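Chains, contacts and geometry: an overview
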Amino acid sequence: MARLAHNNNNHKHTYTKTVVLLSCVGLFGAALTVDYMWAFSSSSSSSSPSSSSVSAYLSVTSNWALEKSGIVVAPPHVNATEIYLKEPVSVKDYKDNDRARERLLSGTFADLPAPELEWEQMPSAPVPRLDGAAIQIKNLFYVFSGYGTIDYVHSHVDVYNFTENKWIERFDTPKEMANSHLGVVSDGRYIYVVSGQHGPQCRGPIARAFVLDTDTRKWHSFPPLPSPRYAPATQLWRGRLHVMGGSRQNRHTPGLEHWSIAVKNGKALEEKWRTEIPIPRGGPHRACVVINDRLFVIGGQEGDFMAKPGSPIFKCSRRHEVVYSDVYMLDDEMKWKVLPPMPKPNSHIECAWVIVNNSIIITGGTTEKNPVTKRMILVGEVFKFDLDSMVIIFTCY
């Protein structure tokens, strides 16, 4: 984990909020690297498990853009941080020589001109995770489930204490609850966990939902969604739990549906979910934020990995994905309004946002595909969405 380093005590509250964002980004950014390893291995099913794993490890960083700034090249067993090429490697060079067999690290942080921030190293998470979820309540940071490897998923929560600056607790999730791609939101005590994927590889989503009482550490069942969703946008707004978008049962087809249900103190006040106005563009991995009595949905993607047809283990198979920069808002009129987009397409940001001084801050994520490998590129910028002007007015890295 990491957070912004600072010396000004007057802004301690702001930095405490910001640390949530930075913690999430460290978690998901590192986990996405593992995702690339899995994707590579899924395309090499003819290799032995051991050779596939080694190949995936050595090729993981070649997923990233080659047409950006300088690239770090490290042969196997060499520390990549000790080697830096002053002259960038072109895509042509990549295709024409043997660099495809080396580890390539691109400077994704240099995609957009921006000032550089000073970062502070934080205690690492107890276990590596991909596509888990995270919520901060006061000085505690709850990190939920996620993949451990492509064939193993976590079924527990790790808790980090900002005051003590250490991980302090671990407890289990319900066996019936999804393990990844969760819709998660909190009212300050109760954490609502909605839908998501149950199990490893590329199994489909489930409709089950649960509530965690963070005071008692007890889980309670909650009315399931009308239909299963994978990584839906989830938020509390005007006394109702809103769930929208995400991917449908095949993990790839975008869902446009938008449902809500009245809630109070961790309990549903209605028996069934209510149908709301559909979101203009569906898909998973979006930031969903409520501020100033308005609901914002930012970024996301259409499409995702799918289970290989006929695979008994639902082995992941790559499919076409479109990452977008769209920003939508709901207000008193209950009609979606289109706002200025992000500076670049951005996905996997559902837990990468925080509210600071009437602005939405978003850190990291994933963006367009590498032009050579066609795999995702990590985002290295921090974006500030100003709620007075309704535009992104600041980027840094």
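Keep in mind that this is a model prediction, so the values were computed, not measured.

Further remarks concern the overall build of the protein. When helices and strands are tallied, the protein shows three helices and 33 strands. Working note: accessible area of the protein is about 17300 Å², and carbon and sulfur atoms make up 53% of it.

To continue, consider the environment of R281. Here R281 lies in the loop between β19 (274–275) and β20 (287–291). Relative accessible area serves as the criterion here: at 22%, R281 is assigned to the partly exposed category. Residues R281 and Y328, spaced 47 residues apart in sequence, show a C-alpha to C-alpha distance of 9.2 Å. In contact with R281, not counting residues within four places along its chain, are L256, R286, E302, V322, Y324, D326 and Y328. Side-chain polar atoms of R281 contact the side chain of D326, separated by 3.3 Å.

Taken in spatial order, the four strands make up an open sheet running β11-β12-β13-β14, and their pairing is antiparallel. Of all strands in the sheet, those bounded by a partner on one side alone are β11 (183–186) and β14 (218–222). Adjacent strand axes in the sheet meet at a mean angle of 20° when their direction is disregarded. Bridge count between strand β13 (residues 205–213) and β14: five bridges; the pairing is antiparallel.

Attention now goes to the pairing of strand β17 (residues 258–264). With respect to burial, β17 is a largely interior element, six of its seven residues being buried. Looking at chain direction, strand β16 (residues 240–244) and β17 are connected through five bridges and run antiparallel. Residue M244 lies in a different strand from β17, and its bridge partner there is H258. Here β17 pairs with β19 via two bridges, running antiparallel. Bridge pairing in β19 links S260 to R274. Examined bridge by bridge, β17 and strand β18 (residues 267–268) share two bridges and lie antiparallel to one another.

What follows is about the confidence of the model for the protein. Detailed reading of the predicted coordinates is not advisable wherever pLDDT is low. Within the protein, residue pLDDT values average 80, and 72% of them lie at 70 or more. Below pLDDT 50 for its whole length, residues 6–107 participates in 179 contacts with residues either more than four positions away or in separate chains.

What counts, and where the lines are drawn
Going along each chain's sequence as written, the residues are numbered from 1 onward. In keeping with the model being predicted, local features are shown solely for residues with a pLDDT of at least 70 and side-chain atom pairs are shown and tallied solely at 80 or more, while totals for entire chains, interfaces and linings include all residues. The basis for the side-chain values is all heavy atoms of the structure; hydrogens and waters are excluded. Secondary structure elements follow DSSP: runs of H or I no shorter than four residues count as helices, runs of E no shorter than two count as strands, and numbering proceeds from the N terminus. The Shrake-Rupley method, run with a 1.4 Å probe, gives the accessible areas here. Residue values count only the displayed protein chains as cover. For every residue, the accessible area (1.4 Å probe, protein chains only) is compared with the maximum for its type, and the residue is labelled buried under 20%, exposed over 50%, or partly exposed between those bounds. Here, residues are in contact when the closest pair of their heavy atoms is within 4.5 Å. Two N or O atoms form a polar contact when they lie within 3.5 Å of each other; inside protein one atom must be a possible hydrogen donor and the other a possible acceptor, and for residues adjacent in sequence the pair counts only when both atoms belong to side chains. Only when DSSP finds a minimum of two bridges between them are two strands counted as paired. Structural elements are reduced to axes, namely lines fitted to C-alpha atoms, with helices fitted over the stretch in contact, and the angle between N-to-C directions of any two is expressed from 0 to 180 degrees. What pLDDT reports is the predictor's confidence in each residue, on a scale of 0 through 100.

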